[in-house]
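# Close look at the chain arrangement
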Amino acid sequence: MLSFCAKPKPIQLPGRHLVNLGILAAIVALTALFTMAAVIWTALDLLADEEAFAALRGHAERLRSGLQQRFDAAGVATRVVGVGPLFQVWFTTRPIRNYRDAVRHADQATFRIWWEEMLLRGVLFHPGPLENLFVSFAHRDEDVERTLEAADAAIPAMLARR
């Protein structure tokens, strides 16, 4: 004998699942908004700090000029150029004013050797010779000094490999 017992189900209102999804979406959106608000306020505080920007520009200028001095002393045809915390090292005797100049005149093979030698000394930056280097708010005097010390050792090693 077969028996069947049906379990009663509550009445479901149409769209109930849509309401739940809407509530979930609102919770996720508000969580993201509050998280982003904290990041935005922190960034705005940093942007208003002129001393932080002065230190950033100082670190970048010290790094750019320090690298250029080291390359000049070693007799390496190099142009270390940039604005603010953004810069690049071009291995060339010619001025680099735009992308075309970089492609035509920058010695990309030498850049690769320099990148490898700096990496061996614990300094990591992009491996692409057409990309830019950046100094950030996280960099301190010690970081600039360590990078310049690494360059002191990397430049002779680079010259030995060319």
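Residues numbered from 1 in each chain as written. Predicted model: local features only at pLDDT ≥ 70, side-chain atom pairs only at ≥ 80, totals over all residues. Heavy atoms only, no water.

## Overview of the packing of aromatic side chains
Applying the stated criterion across every chain yields a total of 8 aromatic pairs. Relative to Phe137, the ring of Phe53 has its centre 5.1 Å away and its plane inclined at 85°; by these criteria the two rings are edge-to-face. Remark: Phe137 occurs in the loop between strand 3 (133–134) and helix 5 (141–161) and Phe53 occurs in helix 2 (residues 50–74); sequence separation between them is 84 residues. Consider the rings of Phe91 and Phe111, whose centres lie 6.4 Å apart with planes at 65°: the pair is edge-to-face. (Phe/Tyr/Trp six-rings, centres within 6.5 Å; stacked < 30°, edge-to-face > 60°. Helix = DSSP H or I, 4+ residues; strand = E, 2+ residues; numbered from the N terminus.)

## Overview of the pattern of salt bridges
Using the criterion set out here, one finds 10 salt bridges in the structure. Here Glu61 ties to Arg64 by a salt bridge, and the two come within 2.8 Å at their closest N and O atoms. Linking Glu61 with Arg64, this pair stays in helix 2, spanning 3 residues, or about one helical turn. Take Glu61: its relative accessible area is 41%, and that puts it in the partly exposed class. Classification of Arg64 by relative accessible area gives buried; the value is 10%. Two residues, Arg112 and Glu116, come together in a salt bridge whose shortest N-O distance is 3.1 Å. (Salt bridge = Lys/Arg side-chain N within 4 Å of Asp/Glu carboxyl O. Buried < 20%, exposed > 50% of the residue type's maximum accessible area, 1.4 Å probe, protein only.)

Coordinates in, geometry out; function isn't part of it.
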